Amino acid sequence: PRADASDRPDDTGLVPAWAILADDPPHGAAVLTTYDEGLALSYVAQIWGKRPDLTVITPSQAGDRLAGAGFVVTEAALPLVPGAVGAQARYSALGRTLIAVYREPKRAEPAGLLPWRHDFAGTIRLLGGQLRQNAVTGERVVTLAWLALAPPAEDWSVSVRLTRAGSDLEQRDHVHPVFGAYPMTRWAAGEVVWDAYPFKQPAGLVADGVTVILYRRTDDGSFVNLDVVHFAIPATSPPGN
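Treat the numbers as computed from the prediction; the structure is a model and nothing was measured. Here the residue numbers are simple positions, counted from 1 along each chain's written sequence. Selection of residues for local features in this predicted model requires a pLDDT of at least 70, selection of side-chain atom pairs for listing and counting requires 80 or more, and totals for whole chains, interfaces and linings are taken over all residues. With hydrogens and water stripped out, all remaining heavy atoms of the structure feed into the side-chain values.

A. Main features of unusual backbone geometry. Phi at Ala-121 takes a positive value of approximately 55°, unusual for a residue other than glycine. In this structure, Ala-121 sits in the loop between β6 (118–120) and β7 (124–133). Although it is not a glycine, Val-178 sits at a positive phi angle of roughly 60°. Relative accessibility decides the category of a residue: with a 1.4 Å probe and only protein chains considered, values under 20% of the type maximum give buried, values over 50% give exposed, and everything between is partly exposed. Taking the relative accessible area as the measure of exposure, Val-178 reaches 0% and is therefore buried. Secondary structure elements follow DSSP: runs of H or I no shorter than four residues count as helices, runs of E no shorter than two count as strands, and numbering proceeds from the N terminus.

Set out below in structure tokens:
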């Protein structure tokens, strides 16, 4: 009876499952998780019946999934992927917690983007973005949709900053896009990649802008920017998950 959490939605052991479901994984998705995440997701998805279409998989099962429709992985389990499927995998963020893993590049330009469009040196195009509230963590999640206009010759890091009246409120950096998993030099021409950045939102401060910087570190330890671009956040942004 002590293991029955059906009347305890605040049980912290189930928080990882709610975080996964907050990203609305595709119907029928196979989900690679850590052990604790997998226990929580199996309980909520199957026993609670919240998403019985989801399947929790192990690293040994990931290779077969990649050869087919692909799979999704949590940020915590992301380090398991290269050892499980090798270097051929491609990645794209689904939200705060989940990353899609697949074999062939995605090329369809997404709809419903905020007008954050900019070309970075004629190689990488920012198609736009989304700004959502994560229902589990309370974070504001900035997602960016990138397009490789040509195979990038260099790896660029990404810095995303929420701003208010031109001043930075919070900053998140990824050495490589998609939580560090997908260097730009691995992108194919015409490939579309989603990239996610969570922000905690300082109390009492509401961001009115987003700054996006592509940069890299040089051999002498200094930094060089490919470009810096600023965007406004609409007064009414899209609803959260």
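Resuming the write-up.
B. Just the side chain of Thr-74, in detail. Summarising the element assignment, Thr-74 is placed in strand β3 (residues 71–74). Classification of Thr-74 by relative accessible area gives buried; the value is 0%. A distance of 2.6 Å separates a polar atom in the side chain of Thr-74 from a polar atom in the side chain of Glu-37. Here, residues are in contact when the closest pair of their heavy atoms is within 4.5 Å. Apart from the residues lying within four places of it in its own chain, the contact partners of Thr-74 are Ile-20, Leu-32, Thr-33, Thr-34, Glu-37, Thr-97, Leu-98 and Ile-99. Here a polar contact is recorded for every N or O atom pair within 3.5 Å, except that within protein the pair must consist of a potential hydrogen donor and a potential acceptor, and residues adjacent in sequence are included only if both atoms are side-chain atoms.

C. Local environment of the packing of aromatic side chains. Ring pairs shown here join Phe, Tyr and Trp side chains whose ring centres sit within 6.5 Å, with only the six-membered ring taken for Trp; geometry is labelled stacked below 30 degrees between planes, edge-to-face above 60, and tilted in between. For the structure shown, the criterion picks out 6 aromatic pairs. On the numbers, 5.9 Å between centres and 25° between planes, the contact of Trp-116 with Phe-231 is stacked. Linking Trp-116 in the loop between β5 (98–102) and β6 with Phe-231 in strand β13 (residues 223–232), this pair joins segments that are 115 residues apart in sequence. The exposure classification of Trp-116 matches that of Phe-231, with both residues buried. Both rings, one in Tyr-182 and one in Trp-187, keep their centres 6.0 Å apart while their planes meet at 40°; by these two values the pair is tilted. Each member of the pair, Tyr-182 together with Trp-187, is buried. Site record: aromatic cluster; members linked through ring pairs are Tyr-91, Tyr-182 and Trp-187. Two conditions define a charge located above a ring, namely a distance within 6 Å from the ring centre to NZ of Lys or CZ of Arg, and an angle within 35 degrees of the ring normal. Over the aromatic face of Tyr-102 sits the side chain of Lys-106, whose NZ or CZ is 4.6 Å from the ring centroid.

D. Seen up close, the sheet that holds β5. Overall, mixed pairing links the 5 strands, which are arranged β2-β1-β3-β5-β4 in an open sheet. Every interior strand has two partners, whereas the edge strands, β2 (55–57) and β4 (90–93), have only one. Each strand of the sheet is rotated relative to its neighbour by a mean of 35°, with strand direction disregarded. In the sheet, β4 pairs with β5 via 4 bridges, with the strands oriented antiparallel. Within β5, the position partnered with Ala-93 by the bridge is Ile-99. The convention used is that axes are lines fitted to C-alpha atoms, helices contributing only their stretch in contact, and that angles between N-to-C directions extend from 0 to 180 degrees. Of the strands in this sheet, β1 (30–32), β2, β3 and β5 touch helix α3 (residues 59–67), which is tilted by about 115° from β2. Any two strands are treated as partners once DSSP identifies two or more bridges connecting them.

E. Expanded view of the sheet that holds strand β9 (residues 157–164). Taken together, the 4 strands give an open sheet; going across it, the order is β10-β9-β12-β13, and neighbouring strands pair in antiparallel fashion. Each having just a single partner strand, β10 (167–174) and β13 make up the two edges of the open sheet. Between one strand axis and the next, the sheet turns through 20° on average, direction left out of account. Here 9 bridges tie strand β12 (residues 209–217) to β13, and the two strands are oriented antiparallel to one another. Looking across to β13, one finds that Val-212 is bridged to Val-229.

F. The arrangement of helix α1 (residues 15–22) in detail. Those residues of α1 lying buried are Ala-17, Ala-19, Ile-20, Leu-21 and Ala-22. Buried residues in α1 make contact with α2 (35–47), β3 and β5. In the segment just after α1, Asp-24 is the residue with positive phi, at about 50°.

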